[in-house]
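Structure at a glance
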Amino acid sequence: MRRYDLIVIGGGSGGVRAARVAATQGAKVLLAEESRVGGTCVIRGCVPKKLMVLASRVGMEMQDGRGFGWTFDAARFSWPDLKSNVDAELDRLEHAYATALSRAGVHTEASRAELLGGGCVKLCSTGERISGERILVATGATPINDDDLIGRSLCATSDDFFNWTTQPRRVVVQGAGYIALELACLLARLGSEVSVVFRADHILRGFDQELREHLQAELAAAGIRLVPRATLTAIQRDGQGLSATLSDASVITTDAIIRAIGRRPNTRGLGLARAGVTTDDRDAIVVDDDFQTSARGIYAVGDVTNRIQLTPMAIREGHVFAETVYAGRARSALPSIVPTAVFTTPELATVGQTEAEAVAWHEHVDVYSTQFRPMKATLSGRAGKCFMKLIVKRADDRILGAHLVGPDAGEMIQLLGVAITMGARKGDLDATLAVHPTGAEEWVTMRTPTRRHGRSEAA
Ligand code: FAD
């Protein structure tokens, strides 16, 4: 039987990083990947999504160009051309990941792997059993579409979306999380008629309430039909295309339906019970602070643990795991401050506590906010406003959160994330000289609180 120091199951963000770092430290590592190396982020997530978002903004730029004296004749968008260019880039990235693994000395098997217990793993492509001193499960998550919705097989998930060879004229998106909205938005900007059906009153559960309301209004103004407080109850194919019946008995006729109602950890059929690995009621692998599962020698990182399902977190977890075990470094803490962006158009980005969270945690909280028309809109005539908001703890002036909707929000929040992770205070922003004329200068020029929470001035 082949023996390894580490067997990694899953070649996505977390698995690839862990395998590379462990191998670089001299460990004998095997990585098994059942689909394509790179995983969700590279093949069916962040990367193709962002490329398509960028594509969807080109038409807007051309429209905006008119106000700046430009004219464009006979502009035409080709979905097949975009798809083939995106696919070529994904092939290039997949190859780059595979090369980096092999240069680090990782042996990669193009196979599904399952746990057998007793430190053994089965490679399903050949049936071979291999053994590992340690096993790392990094199998990610998968879109949910196995509930009792009638006609759900007629619906697509985000995985299917990235394989579409033609652009549907009409699309219904179910869900109001970031994946649902990003796909809805990019399709709408590329010319599809898009309806978004979701259960709640507002999109993006868990984000700052004012931001949710602001973005919701912006998306509606951009022509996306938002259908709150509703769910899909049945899907049928008829002569017109697909009929989606909603919980209020209304029917939307469409050409495609994307369900983006959540992602389930990829743990089914993995042999976890056989190997003594405990999962929770949402199928996620339960781990401790050292990524150790309930079975000795078996670890898990990334989306399969269903904590913060973001690429940088999976990468960080894979890195920390491998450095701690194979480089003998003391375990570094995972970041508690998580900057993140939603790549709708306009973008939304956020770091730290929402206003509601801050008020629940701290007695005295000041909120600074501003809304303004981006400079570009003065000539382009495009409607819509930027919205920025800072949440500050009055007792020590610390910035607890920063939230915004507007162009380049993702780029801005990355840098604010540095400041807030370093413990920046509102006074630090006040002391920073503005860069003029930019949208970002508003972060350092907000002087008067919009709201003050807490009765007394002293905290
Ligand atoms: P994955 O990257 O999913 O990798 C798991 C791998 O394991 C897969 O390649 C899978 O094929 C393989 N596998 C599964 N089971 C087995 C098995 N039994 N044997 C062998 N191989 C197996 N995050 C961001 O930070 N920013 C974004 O903008 C962003 N956009 C996203 C957009 C979409 C549409 C989606 C779906 C996700 C997005 N994410 C984004 C989330 C991000 O992609 C994930 O958080 C990240 O990929 C998780 O990494 P992972 O290593 O845990 O799992």
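One structure accompanies this document, and this report is about it. None of these values were measured; they are calculated from a predicted model.

**Structural notes on the site of the ligand**
Surrounding the ligand, one finds 39 residues, the nearest of these being Gly14, Glu33, Thr40, Lys49 and Asp303. One of the backbone nitrogen or oxygen atoms of serine 13 is found 3.2 Å away from an oxygen atom of the ligand. A distance of 3.0 Å separates a nitrogen atom of the ligand from a polar side-chain atom of tyrosine 178. Elements represented by at least two residues in the shell around the ligand include exactly helix H1 (13–24), helix H2 (39–44), helix H3 (46–65), helix H6 (178–189) and helix H9 (311–326).

**With respect to the side chain of serine 380**
By the element assignment, serine 380 lies in helix H11 (residues 375–380). Here arginine 382 takes part through its backbone nitrogen, which lies 3.1 Å from a polar atom of the side chain of serine 380. Among all residues touching serine 380, those that are not within four sequence positions of it are Asp64, Gly67 and Phe68.

**Examining unusual backbone geometry**
Cis geometry marks the peptide bond from threonine 345 to proline 346; its omega dihedral reads 5°. With a phi angle near 50°, arginine 229 is a residue other than glycine that sits in the positive phi range. Look at arginine 229 and you get exposed, because its relative accessible area is 57%. Phi is positive for phenylalanine 291, which is not a glycine, with a value near 65°.

**Observations concerning the environment of threonine 99**
Tracing the backbone shows threonine 99 in helix H4 (residues 79–104). Overall, the relative accessible area of 23% leaves threonine 99 in the partly exposed class. In this structure, the C-alpha to C-alpha distance between threonine 99 and tryptophan 361, residues 262 residues apart in sequence, is 47 Å. A polar side-chain atom of threonine 99 sits 2.7 Å from the main-chain carbonyl oxygen of histidine 95.

**Describing the layout of surface pockets**
The volume enclosed by the second largest pocket comes to roughly 1100 Å³. Residue lining of the second largest pocket: 45 residues in total, with Met60, Asp64, Arg189, Thr345 and Arg382 positioned closest to the centre. Listing elements by their share of the lining of the second largest pocket, those giving two or more residues are H3, H6, strand E9 (193–197), helix H7 (209–221) and H11. Here the residues of the lining of the second largest pocket sort into 21 nonpolar, 9 polar and 15 charged.

What counts and how
Residues numbered from 1 in each chain as written. Predicted model: local features only at pLDDT ≥ 70, side-chain atom pairs only at ≥ 80, totals over all residues. Heavy atoms only, no water. Near = heavy atom within 4 Å. Polar contact = N/O pair within 3.5 Å; in protein donor to acceptor, adjacent residues only side chain to side chain. Helix = DSSP H or I, 4+ residues; strand = E, 2+ residues; numbered from the N terminus. Contact = heavy atoms within 4.5 Å. Buried < 20%, exposed > 50% of the residue type's maximum accessible area, 1.4 Å probe, protein only. 1 Å grid on protein atoms, 1.4 Å probe; cavity = no way out; pocket = protein on both sides within 12 Å on 5 of 7 lines; lining within 4 Å. Points joined across faces, edges and corners; volume = space filled by probe spheres on them. Nonpolar A, V, L, I, M, F, W, Y, C, P; charged D, E, K, R; others polar.

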